[in-house]
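The chain contents come next:
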Amino acid sequence: MRIPLFLVVLIAFSIAGCTATPDLRPPTDQPNVIVIFTDDQGTLDTSAYGSDDLHTPHMDALAERGVRFSQLYAAAPVCSPSRAGLLTGRYPVRAGLAGNAGSSMAPGGMPTTEVTIAEMLQAAGYATAHIGKWHLGYTPETMPNGQGFDYSFGHMTGCIDNYSHFYYWGGPNRHDLWQNGEKIYRDGSFFPDLMVEEAGAFMETHRDEPFFIYFAMNGPHYPYQAEADLLAEYADLPYPRNLYAAFVASMDARIGALMAKVDALGLRENTLVIFQSDHGHSVEERAHGGGGNAGPYRGAKFSLFEGGIRVPAIASMPGTLPEGAVRDQMANGVDWLPTIAAFTGAPLLSDDLDGRSLAPVLNDAEAASPHAQMHWFWATNPDDGFWAVREGPWKLLGNPWDPTGPGRLANRRYLVNLDDDPSEATNLINAHPDVAEHLEGLHRAWFEQAAADASWRMP
């Protein structure tokens, strides 16, 4: 059953400030929700975002039948914090993960006190499934079944080989494919195909009740493992773009298969589909030094320059949301939880959120961004870290790092005006010290409240 547009907007405005909402309709009236979360996909790496050397008809179809964002930011430029931000609606340092979760079967990961989208929707009567990558914890209480998911299929580490399903980069080699907390074996089966099969079976089982699927893909994160025909199709592109592009096309085909199943079940107009990359493309050695495309934007994965955090993002629900629309308002991955609450009527289980509902923006191109400022912080240890703050066109980076060029910059503060310099080529710190001081003051005040663990510091 499709939710009337006026009701979506009404609910959206009621929770835009992150206050709890009443349950305005029984669960049977609620739309399904599918979140497609790709991994290491560059800012412009779909045709819909301007790539002229990729063929991505299925991601493009989501944009054609939905709303595409031009300034939606990942919650972090690395995997685990970005996922924590998406699933909790809270900036990662507040969600307990300022850096990547471990990839070993040991304590650590996102705290169980955090409330996820799955827990929110589960409480509202939804069947919930995690399909794909997790990377938020590797103990029973921090794995998906302990964080609100009725069903879980996928890997717990940062990435796996798509055929052997072994943890890709860390020795000793170990198998990492799990179903509801139990290790399983599907040797030789292409992991993205297994994801589509599992998601399809879950939809079949729950087609007569509302469901939520977190479809977290293992690509185009390395290892680049596209099929032979796609490698041949992109063979004329320069290395490593050829390998990366073929793997993006492989992921696109699986998104197409997933959406074909939604259509076959007659659920398309009653399903809110959200698509986002977790952060920018990788230039790591394991990623052949790159392959992704950030276009005019500086930086990549691990960087708080635009190429590390400005990501492709789309919301689609034909008949309810506009189609073929673009939104330029500033938004963040933490906004999806309250947005999903707006569209489903699910009561928020916590009002201590950083995310704000994007429903007004989705329905009105003239609506204001729900964020006056936006903050980032990520770190791998308490004595070092990277941060940024944006207000309007102004953005200040602390301890800036650019993995595509000089690495760590000599100047520990970097100020840009994104309206005038979207490539972040020129540091305006000396030209506008008052702006830099204002932004740093905003961020320090935020950080004092956000960093619950006193061992973290803002460099």
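Whatever comes next refers back to the structure up there.
Residues numbered from 1 in each chain as written. Predicted model: local features only at pLDDT ≥ 70, side-chain atom pairs only at ≥ 80, totals over all residues. Heavy atoms only, no water.

**Q** Tell me about the pairing of strand S5 (residues 151-155), and please be specific about residues and values.
**A** Where burial is concerned, most of S5 is hidden: five out of the five residues are buried. With burial as the criterion, each face of S5 is covered, one bearing Tyr151, Phe153 and His155 and the other bearing Ser152 and Gly154. In terms of strand pairing, strand S4 (residues 127-133) meets S5 through five bridges, oriented parallel. Of the residues in S5, the one forming a bridge with histidine 130 is serine 152. Bridge count between S5 and strand S6 (residues 178-179): two bridges; the pairing is antiparallel. Residue pairing in the sheet places phenylalanine 153 in a bridge with glutamine 179 of S6. (Buried < 20%, exposed > 50% of the residue type's maximum accessible area, 1.4 Å probe, protein only. Helix = DSSP H or I, 4+ residues; strand = E, 2+ residues; numbered from the N terminus. Pairing = 2+ DSSP bridges.)

**Q** Requested: an account of helix H9 (residues 336-344), with residues and values cited.
**A** With nine of nine residues buried, H9 is to be regarded as a mostly interior element. For H9, the complete set of buried residues consists of Trp336, Leu337, Pro338, Thr339, Ile340, Ala341, Ala342, Phe343 and Thr344.

**Q** Just give me the short version of the environment of glycine 407, but keep the residues and values in it.
**A** Within the element layout of this structure, glycine 407 appears in strand S17 (residues 407-408). In contact with glycine 407, not counting residues within four places along its chain, are Pro400, Trp401 and Asp402. (Contact = heavy atoms within 4.5 Å.)

**Q** Help me get a handle on the packing of aromatic side chains, residues and values and all.
**A** How two aromatic rings sit relative to each other is given by the distance of their centres and the angle of their planes. Summed over the entire model, instances satisfying the criterion amount to 22 aromatic pairs. Between arginine 298 and the ring centre of phenylalanine 305, over which it is positioned, the NZ or CZ distance is 4.4 Å. (Phe/Tyr/Trp six-rings, centres within 6.5 Å; stacked < 30°, edge-to-face > 60°. Lys NZ or Arg CZ within 6 Å of the ring centre and 35° of its normal.)

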